[in-house]
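Residue-level structural notes
Below, each chain spelled out in residue letters.
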Amino acid sequence: QVQVVESGGGLVQPGESLTLSCAASGSTFSIHAMGWYRQAPGKTRELVAVSSNYDGEKYAESVRGRFTISKNSTRNTVFLLMNSLKPEDTAVYYCNTNGRDGHGVFRNYWGQGTRVTVSS
């Protein structure tokens, strides 16, 4: 089993910055990608940014140019630097990691989520 733990959420004012961190640990697991999703109240979960060993980095159009994802494959960690935060960025942010386990089976794991609130 793989554990995914996020940290770094909080309350910030519009225009401020925040960095989210995520670490994956546990059973033998060959990570293909790590990324961030978010779910705002009353909305479905959406992709924010993902870093893949095969497809590079992808960002949602709404965060492109403001958010930066960085992945450390050796330590199985991923970070999301969020600049120029807006009230519409308010959501619960979830870390996701996927890849193949020791038997070659594709697995997908989620963290418990960390809340980001942007408000004056």
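The structure reproduced in this document is the subject of the present report. Sequence positions are assigned chain by chain, starting from 1 and proceeding in written order. Where totals are concerned, whole chains, interfaces and linings use all residues; where local detail is concerned, this predicted model gives features only for residues with pLDDT of at least 70, and gives and counts side-chain atom pairs only at 80 or more. Note that water and hydrogens are dropped before the side-chain values are worked out from all heavy atoms of the structure.

**Describing the state of the cysteines**
Where two cysteines share a covalent bond between their sulfur atoms, that bond is called a disulfide. Applied cut-off: Throughout, a disulfide means two cysteine sulfur atoms within 2.5 Å of one another. Secondary structure elements are taken from DSSP: a helix is a run of H or I of four residues or more, a strand is a run of E of two residues or more, and numbering for both begins at the N terminus. Accessibility here uses a 1.4 Å probe with only protein chains present; expressed as a share of the type maximum, an area under 20% marks a residue as buried, one over 50% as exposed, and anything in between as partly exposed.
Summed over the entire model, instances satisfying the criterion amount to 1 disulfide. The disulfide bridge from C22 ends at C95, spanning 2.0 Å between sulfur atoms. The S-S bond linking C22 to C95 shows a torsion near -80°; that makes this disulfide left-handed. You can see C22 sitting in strand β3 (residues 18-26) and its partner C95 sitting in strand β9 (residues 91-101), a full 73 residues away along the chain. Residue classification places C22 among the buried positions, given a relative accessible area of 2%.

**With respect to the pairing of strand β5 (residues 46-52)**
The cut-off we apply is this: A pair of strands is considered paired only if DSSP assigns at least 2 bridges between the two.
Counted residue by residue, β5 has 5 buried out of 7 residues, so it is predominantly covered. Hairpin connection of strand β4 (residues 29-39) to β5: 6 residues between the antiparallel strands, including G42 at a positive phi of 80°. Here 4 bridges tie β5 to strand β6 (residues 56-59), and the two strands are oriented antiparallel to one another. Residue S52 lies in a different strand from β6, and its bridge partner there is G56. Between β5 and β6, which pair antiparallel one after the other, the connecting turn spans 3 residues.

**Section: the pattern of salt bridges**
Counted only if it meets this: Here, a salt bridge means any side-chain nitrogen of Lys or Arg that lies within 4 Å of a carboxyl oxygen of Asp or Glu.
Summed over all chains, the structure comprises 5 salt bridges. One salt bridge in this structure joins E61 and R64, with 3.4 Å as the shortest N-O distance. On the basis of relative accessible area, E61 is assigned to the exposed category, the value being 62%. For R64, a relative accessible area of 47% puts it in the partly exposed group. Here D101 and R107 are joined by a salt bridge, their closest N and O atoms 2.9 Å apart. Residue classification places D101 among the buried residues on the basis of a relative accessible area of 15%. Connected through salt bridges with shared partners, the residues R38, E46, R66 and D89 form a single ionic network.

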